[in-house]
Amino acid sequence: MNRKVKSFTILVLGLLVASIYFSALTQGALLSDQLEVTTGSYVKGKYLYTNDTHNDVLMAYITLTVDDIWNDSYTLLNVVNFKVLYEFEDGEDNPLGMGVATTMELTAAVFEHNRTTILPAASLYIANDTWETSADVTYLGDVEEMLDLYNTNLTVDGTSYIYGDMTGSEPNYSDYMGMMFIFAIYNAVLLTYQQYTPYAINTVANVADTVNFVPLDGRVDELEPITTTQGDSIDCINVEYDNTATFGLDDVDEVDTHYEAKTGLLIRSLENDTVSNTQMEFQPIEVVIKTSFLPFPIAGVIVSIVAIGLVVVVSRKRK
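Residues numbered from 1 in each chain as written. Predicted model: local features only at pLDDT ≥ 70, side-chain atom pairs only at ≥ 80, totals over all residues. Heavy atoms only, no water.

S.K.: Tell me about a nonpolar patch on the surface, residues and numbers included.
M.R.: Where nonpolar side chains cluster on the molecular surface, the patch consists of F181, I182, I185 and V189 and spans about 340 Å² of accessible area. In this structure, I185 sits in helix α3 (residues 173-191). On the basis of relative accessibility, which here comes to 38%, the residue I185 falls in the partly exposed class. (Patch = residues over 30% accessible without salt bridge, like charges linked within 9 Å, V, L, I, M, F, W, Y side chains within 5 Å. Areas by Shrake-Rupley, 256 points an atom, 1.4 Å probe, with all protein chains shown as cover. Salt bridge = Lys/Arg side-chain N within 4 Å of Asp/Glu carboxyl O. Helix = DSSP H or I, 4+ residues; strand = E, 2+ residues; numbered from the N terminus. Buried < 20%, exposed > 50% of the residue type's maximum accessible area, 1.4 Å probe, protein only.)

S.K.: An account of the pattern of salt bridges is requested, with residue identities and associated values reported.
M.R.: Following the criterion strictly, the structure yields six salt bridges and no others. Notably, a salt bridge pairs R219 with D242, separated by 3.3 Å at the nearest N-O pair. In this pair, R219 sits in strand β10 (residues 218-227) while D242 sits in strand β11 (residues 233-244), placing the two residues 23 residues apart along the sequence. With relative accessibility at 37%, the residue R219 sits in the partly exposed group. Classification of D242 as partly exposed rests on a relative accessible area of 24%. Measuring nitrogen to oxygen at the nearest pair gives 3.6 Å for the salt bridge that ties E281 to R268. Of this pair, E281 sits in strand β14 (residues 278-288) while R268 sits in strand β13 (residues 266-273); the two residues are 13 residues apart in sequence, bridging distant segments of the chain. Linked through salt bridges whose partners overlap, the residues forming this network are D67, K83 and E105.

Written out as structure tokens, the structure reads:
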């Protein structure tokens, strides 16, 4: 390879690597909505309540899990299933007020490429020691069919029916209709402040970046570590939201969140209602982050390898 060709090749490769680097590591003021979470990652923590007369009352243990990432057969886009498990504490001071239910689990179905929520409760499971009931559309694997709630699989104490196939003559029919009503209401209410998922953000964040959210956008406030109750320090992205909620079932005016820096998974939140001087804190106990087998940015690595291969081929032909 002559000197001019070699110099040109080095220049092209330099520009290529630089463009890959800056496209992967820099963003404008609006944070990308591409999710980078990994299946199997989870955080388990305490959900605590504080007001003028109570301090850090344990309401529930919550586990947030990246349960699955699957490809939708209708849109051909990837969907992330975020599973949220609530294990409620007994006691009259528990402000969640779930009555006889001791366990609730919901699965939010979210588009991976833009964080938009398909259904905030694509599955919903409620139980105690003596009974259980659920409603589920995640089994379908097709977003168009999931959005048709007549396809909902309803289960009461182990017996299941598809909602659209029920005639009214089924045993315990009113129990199934009650669960279907709860399922529809949960999705309608949660979607008012989870049009963009609160459970994860993109990791390429800088202080003062804007995070798409509804009803108001979020703001990246700090890049800082937090410490779990087990003493583990975890690098995080701190985002502030207004008039929304994370794990609570009603919106509040101030929400402070921390997202794990490698995958963007939510691992801490503080929901603060300044009017009533109450707050609900999700405090992490255990954080497990699964790593991807593909290095970041994989697209840049592939393009670089192809470019280098082309240079080698051209240089051999010129010899």
